[in-house]
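Chain by chain, the residues run as shown.
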Amino acid sequence: KIPKVWTKESVYERMKKSGGANSFNLFVIAEMECMHRLLAAVRETLLSIKAATEEGLCGDRVTEELLEAADDLYHLRIPRKWCQL
């Protein structure tokens, strides 16, 4: 299961409650944005793999990147696309 993505507004509200824009809070926001990009990529990849397997698409209709990601996951490796984020 993939966790729900936080909105920037909720993070900014919590930041204001915990002391405003100090260096630690800015670091947390930067990390949250990075995590948001990663979770979006993971969600997109997993949903694409799920759709491809449920629809029974032929190998020539699935992108090479998606096939590599599925192969990496099958072999318990982290897909290259995720590592690049």
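Residues numbered from 1 in each chain as written. Predicted model: local features only at pLDDT ≥ 70, side-chain atom pairs only at ≥ 80, totals over all residues. Heavy atoms only, no water.

Colleague: Please clarify how the side chain of threonine 45 should be interpreted in this entry.
Modeller: Its place among the elements puts threonine 45 in helix H2 (residues 23-55). By relative accessible area, threonine 45 is classed as buried at 6%. A distance of 2.9 Å separates a polar atom in the side chain of threonine 45 from the backbone oxygen of alanine 41. Of the polar contacts made by the side chain of threonine 45, one reaches the side chain of tryptophan 82; its length is 3.3 Å. If we skip the residues at most four places from it in the chain, threonine 45 touches Leu66, Ala69, Lys81 and Trp82. (Helix = DSSP H or I, 4+ residues; strand = E, 2+ residues; numbered from the N terminus. Buried < 20%, exposed > 50% of the residue type's maximum accessible area, 1.4 Å probe, protein only. Polar contact = N/O pair within 3.5 Å; in protein donor to acceptor, adjacent residues only side chain to side chain. Contact = heavy atoms within 4.5 Å.)

Colleague: Any chance you could explain the environment of alanine 41 here in plain terms?
Modeller: Residue position: alanine 41 is located in helix H2. A C-alpha to C-alpha distance of 8.1 Å links alanine 41 and lysine 81, two positions 40 residues apart in sequence. Every residue in contact with alanine 41, bar those within four places of it in the chain, is listed here: Lys81, Trp82 and Leu85.

Colleague: What is the right way to look at the pattern of salt bridges in this model?
Modeller: Side chains that carry opposite charge are capable of pairing whenever their charged atoms lie near each other. Tallying each qualifying case throughout the model produces four salt bridges. A salt bridge links glutamate 44 to lysine 81, with the nearest nitrogen and oxygen atoms 3.9 Å apart. You can see glutamate 44 sitting in helix H2 and its partner lysine 81 sitting in helix H4 (residues 80-83), a full 37 residues away along the chain. When the shortest N-O distance is used, the salt bridge between aspartate 71 and arginine 77 registers 3.2 Å. The structure contains a network of salt bridges with shared partners spanning Glu44, Glu65 and Lys81. (Salt bridge = Lys/Arg side-chain N within 4 Å of Asp/Glu carboxyl O.)

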